[in-house]
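# Understanding the architecture of this molecule
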Amino acid sequence: MSSIVRHIRDLCSSDVSESALYERAADVIYDAAERYNWVGIYKVDEDDLVLAGWRGPRPTKHVRIPLSQGICGFAATHGQTVIVDDVRNDPRYLSCFESTRSEIVVPILASERIVAEIDIDSDTLSAFSQEDRETLEQVAAIMGTKISELRS
Ligand code: SME
């Protein structure tokens, strides 16, 4: 898992555009664990989240999610990581894939504002541990610094 942080650091040290960063970060995160069955990076666009990069076996229909909806919207509006061990028991959950059982959403902050978030779906119940959370929060922090630089 720690190699994911190294890969993201390498990616952020390179000459990468913001849109390529989202796409390539989704690849790096997806490859980090077999439990990560679908990875998306959503970017904040006014009152919505817009899918900016993803990797997985199938596309999602949720390419634009209002900030008021879903686990994704909750994580972005509250500025906190959300882990759902069983999506079938969470009324906030917006369903994408029949096979999904658990989900983690990690906000990305740039210059103290939420600009994007990492969303991972797993087909395994309770797939996301404290270690996943800490690693993905480090990934989000590195990406947030890069996004701030790219936007300044
Ligand atoms: N499940 C998310 C929507 C995005 S899909 O998982 C790709 C949610 O509840 O916000």
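Here we summarise the structure given alongside this text. Keep in mind that what you see is a predicted model, and the values were worked out from it rather than measured.

### A word on the environment of Tyr22
For Tyr22, the location among the structural elements is in helix α2 (residues 18-30). As a C-alpha pair, Tyr22 and Val87 span 65 residues in sequence and 25 Å in three-dimensional space. The contacts of Tyr22, once residues within four sequence positions are left out, are Ile41, Lys43, Ala52, Gly53, Ala116, Met143, Ile147 and Arg151.

### What about the side chain of Asp48?
In this structure, Asp48 sits in strand β2 (residues 48-55). Using a relative accessible area of 18% as the deciding quantity, one classes Asp48 as buried. Setting aside chain neighbours within four positions, we find Asp48 in contact with Lys43, Arg64, Ile65, Pro66 and Leu67.

### Here we look at the pattern of salt bridges
Inspection of every chain in the model, using the stated rule, returns 10 salt bridges. Among the salt bridges present, the one from Asp31 reaches Arg55, with a minimum N-O distance of 3.3 Å. Of this pair, Asp31 sits in the loop between α2 and β1 (38-45) while Arg55 sits in strand β2, placing them 24 residues apart in sequence. Assessed through its relative accessible area of 56%, Asp31 is described here as exposed. The exposure class of Arg55 is partly exposed, given its relative accessible area of 27%. Residues participating in the shared-partner salt-bridge network are Glu18, Lys43 and Arg151.

Rules used throughout
- Residues numbered from 1 in each chain as written.
- Predicted model: local features only at pLDDT ≥ 70, side-chain atom pairs only at ≥ 80, totals over all residues.
- Heavy atoms only, no water.
- Helix = DSSP H or I, 4+ residues; strand = E, 2+ residues; numbered from the N terminus.
- Contact = heavy atoms within 4.5 Å.
- Buried < 20%, exposed > 50% of the residue type's maximum accessible area, 1.4 Å probe, protein only.
- Salt bridge = Lys/Arg side-chain N within 4 Å of Asp/Glu carboxyl O.

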